[in-house]
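# Reading the structure
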Amino acid sequence: MGRLGTSDYEDLRNARILENKARMASLGLHKTVSELRSITSSGKPAKPTTDIRKYCKKDYTIMPLRRSGRLKQTTSTPHVRVRPNRISLRRSDRLRGKEGKVGGVSEESDEESEESSPHRPANKPLVKVGGLELQLSPEYSARRCDSKGRGSVYDPVFGICCHFCRQKKLCGEEDCKRCGDLDMDEACIGKTDCSACHSSNGVFCRACLKVRYGEEMDEVREDKKWMCPHCVEEKGINPYWICNSSLCLRKRKIAPTGIAIFRAREMGYKSVAHLLMDELQRRRGCPVLKISKYRLE
């Protein structure tokens, strides 16, 4: 086949291209462009085809290492002051590398004192301070009683852990000598103690005792025969009066209730324990006891 002829559009386009080239040549644009390209190429160095990332090794020897308070030999909590001319807090023989008497009291006398009081109250745990005279700082002493329910000052050494909320705080009671004056020979009046087991299962703060079990701290403190929910259930006094902490409910294969006090009060119950007691009785098909005394009036 022969070559096809060009159309009128192509002839017009080629004519315009030639006209534009002649105009650019008359203005000297080709020369100007070549000069600009030579200037820019000679002014900047040629970049490498691939960027090489430099590796800088950090020197950690010049930075202070993080250490815990025990390894730094910090002997007291930040909000506890030790009176001058006294020895440091008692530590174990392994950490101190010493043996024998500590603070004027030997290990034998400590064992004898523990044997003489086999049922030490749970709200009066044994904390050996080695004859120290301790006192709270003014800031924490003023802030300790801000929350009477659970306390406002966390203390990992002198605080007593609540079985339900598991907050190891100093209580918010104004008359508590243990938490206010750090007198370890006194019992904490802001935590309960079971008369039967004297274990940590019977330690509750004021807020958890009221919200979760519907009992008042002042009444429990006066009742010398008060027992925790674990002992009440074990002794058969009330098999449906159970501990409703998350730890104990999980052991029973029961989902923790969470913040159930609002639902309990909307339904007319005094506390979460009374609501659970009613639900357990209905779940097991037992006749529901008279629970009108457990409901709010």
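In what follows, the structure referred to is the one given above.
Below is a short write-up of the structure. Small disclaimer: the values here were computed from a predicted structure and weren't measured.

With that settled, consider the side chain of N244. In this structure, N244 sits in the loop between α9 (229–234) and α10 (246–251). Among the polar contacts made by the side chain of N244, one reaches the side chain of R212 at a distance of 2.8 Å. With residues up to four places along the chain from it excluded, the contact list for N244 reads F164, R212, Y213, L249, V272, A273 and L276.

This part covers the environment of C197. Tracing the backbone through its elements, the reader meets C197 in the loop between α6 (177–181) and α7 (206–213). For C197, a relative accessible area of 30% translates into the label partly exposed. Taking C-alpha positions, C197 is 8.3 Å from H119, a pair spaced 78 residues apart along the chain. Setting aside chain neighbours within four positions, we find C197 in contact with C228 and C231.

This part covers the nonpolar core. One finds C162, F204 and W226 to be the most contacted residues of the largest nonpolar core, which totals 26 residues. Ignoring any residue separated from it by four or fewer positions in sequence, one finds F204 in contact with C162, H163, F164, G190, K191, T192, L209, Y213, M217, W226 and P229. Core analysis: the second largest hydrophobic core is formed by 16 residues, L136, V153, F158 and C179 among them.

Time to look at the sheet that holds strand β3 (residues 153–154). Strand order across the open sheet formed by three strands is β3-β5-β4, with antiparallel pairing between neighbours. Sheet topology places β3 and β4 (160–161) at the edges, where each strand pairs with a single neighbour. Sheet topology places β3 next to strand β5 (residues 168–170); two bridges connect them, and they run antiparallel. Looking at the pairing, V153 lines up with L170 of β5.

What counts, and where the lines are drawn
Residues numbered from 1 in each chain as written. Predicted model: local features only at pLDDT ≥ 70, side-chain atom pairs only at ≥ 80, totals over all residues. Heavy atoms only, no water. Helix = DSSP H or I, 4+ residues; strand = E, 2+ residues; numbered from the N terminus. Polar contact = N/O pair within 3.5 Å; in protein donor to acceptor, adjacent residues only side chain to side chain. Contact = heavy atoms within 4.5 Å. Buried < 20%, exposed > 50% of the residue type's maximum accessible area, 1.4 Å probe, protein only. Core = buried A, V, L, I, M, F, W, Y, C linked by side-chain atoms within 4.5 Å. Pairing = 2+ DSSP bridges.

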